[in-house]
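# Structure assessment
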Amino acid sequence: MNTIFLVLKREYLVRVRKKSFIIMTILAPLLSFGFYAMMIYLAVSSVDEKKIEVIDASGMFKGKIQSTDTYKFSYPEVAFADAKKNFLNSDYDVLAYIPADIMAHPEGIQLYAEKGVSYEIKNEIEKAVEREIENIKLTQAGITRKVLEEAKVSVDSDTISLNEEGEKESSTGAATAVGGICAFVLYITMMIYGTQVMRSITEEKTSRIVEVIISSIKPFQLMLGKILGVAMVGLTQFLLWILLTVGLFTVAPGIMQKRAEMAGTVQAQVTQSADGGKKTTVVKAEGPAAKIMKAVSTLNLPLIIGCFLFYYLGGYLLYSALFGAIGAAVDNEADTQQFVFPIMLPIIFAFGVAQFVLRDPDGSLAFWASMIPFTSPIVMMVRIPLGVPAWELALSMGLLVLGFIGTIWLASRIYRVGILMYGKKPTFKEMSKWLFYKG
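Here's what I pulled together on the structure shown here. Predicted model only: the values in this text are computed from it and were never measured. (Residues numbered from 1 in each chain as written. Predicted model: local features only at pLDDT ≥ 70, side-chain atom pairs only at ≥ 80, totals over all residues. Heavy atoms only, no water.)

## Regarding the sheet that holds strand β4 (residues 110-112)
Reading across the sheet, the 4 strands line up as β2-β1-β3-β4 and stay open at both edges, with mixed pairing between neighbours. Two strands close off the open sheet at either side, each with one partner strand: β2 (71-74) and β4. Pairs of neighbouring strands in the sheet enclose a mean axial angle of 25 degrees, with direction left out of account. By the bridge criterion, 5 bridges tie strand β1 (residues 50-56) to strand β3 (residues 94-98) in an arrangement that is parallel. Bridge assignment links Ile52 to a residue of β3, and that residue is Val94. In the packing of helix α4 (residues 119-140) onto the sheet, the strands contacted are β1, β2, β3 and β4, and the crossing angle to β2 comes to about 55 degrees. (Pairing = 2+ DSSP bridges. Helix = DSSP H or I, 4+ residues; strand = E, 2+ residues; numbered from the N terminus. Axes fitted to C-alpha atoms, helices over the stretch in contact; angles between N-to-C directions. Contact = heavy atoms within 4.5 Å.)

Now the structure itself:
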């Protein structure tokens, strides 16, 4: 056990001391948060005002297409031929022509631009014309737009978990998003950290360092120490990422709320008091960040985080053992390609199945995929935020433990033979024979 710990310690310290590890662990959440914040800011602030000249031959749309902060519509009293002739010398970005027979042929709108019309402008004009044509037809039928708008109702349902423990508010959107994110992170990390184990073993075998190492340590101990060492590196990253993410989402809503207050995004609600006077109440607008935090707070975060760490370790141990066996069987990294894809196939399959599980988390496909050890880490993490019976969770965890114990045993049988074999390209048939070698 002491020798396994020494290998684990070496693999762990070598990796956590690298600058790349520090950058990825400490700065990755900050950079990701800043990157998306910058993208949103640029997307909002980089849109220039577009001036659109509308030539309405029908005479029905003048002033009906309202200007916005982004689009400014003008309705000059000029002939279409003259407007088109002078368009390139004008300061307009788009020339929109509405024909006289627009009611009979709504597809007859023509848009002109020097370099092409963006989809957003095209869609804005089309929707505005469609809306006005609807108004005209409704008016002809004796129905006004006001009546139609008043008839529209926005329905928003609250989701509530009802079980033996009672009722609890839930958020389907937050559960679906968190489950999808967890599945994606496991999908990426199992491949990344499993590949790291394979490359580490292949490098030591190629450089012949392993021949010196196994003179004082058993091959199984060396393989297990490497697997556990890289697992602890990944676990360290995850714990730090969780802490940093929680910190960012704790601080961000407060900052956004202050900015909203400074920008004056509060609502004044006037109500009638008991004595007949008027009472003004300031109601703070609930921003997107506050809504996200409220939705996330309905989830059982300790359970989700605990299960995430368990399934990360279980899935990683299962797949890294197989990656390690491949690394020991080949002489160079180029030869690993033919063996890597069959191992990655269940991971890819599990991630694909997860998309369907999000739609039906209690179906038979979701159940069996969350029980099979090769797919359960990803699929079960999709289901857990949405609610999973305790017995299913316990059964899945038990099968995963048996699964990685079995794969580690199989991998160790291949590892002890392949680690000292050179000059021969192995096949799956050859490696299956190594399982039954004595020694």
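## A short note on the packing of helix α10 (residues 301-329) against helix α13 (residues 376-383)
A packed helix pair is summarised by two numbers, namely the angle formed by the two axes and the spacing between the axes. At a minimum axis separation of 9 Å, α10 and α13 run at an interaxial angle of 170 degrees. With respect to α13, the axis of α10 lies roughly antiparallel. The segment α10 lies against α13, with Ile304, Cys307, Phe308, Tyr311 and Gly315 engaging Ser376, Pro377, Met380 and Met381. Here the contact of α10 with α13 is built from residues that sort into 7 nonpolar, 2 polar and no charged. (Parallel < 35°, antiparallel > 145°, perpendicular 65-115°, else oblique. Nonpolar A, V, L, I, M, F, W, Y, C, P; charged D, E, K, R; others polar.)

## So, the side chain of Arg413
One can find Arg413 in helix α14 (residues 390-418). This buried residue, Arg413, is left without a salt bridge; Glu430 holds the nearest opposite charge, at 14 Å. Dropping the residues within four chain positions of it, Arg413 is found in contact with Trp434, Leu435, Phe436 and Tyr437. (Buried < 20%, exposed > 50% of the residue type's maximum accessible area, 1.4 Å probe, protein only. Lys, Arg positive; Asp, Glu negative; His and termini not counted. Salt bridge = Lys/Arg side-chain N within 4 Å of Asp/Glu carboxyl O.)

Any functional reading would require information beyond the geometric quantities listed.
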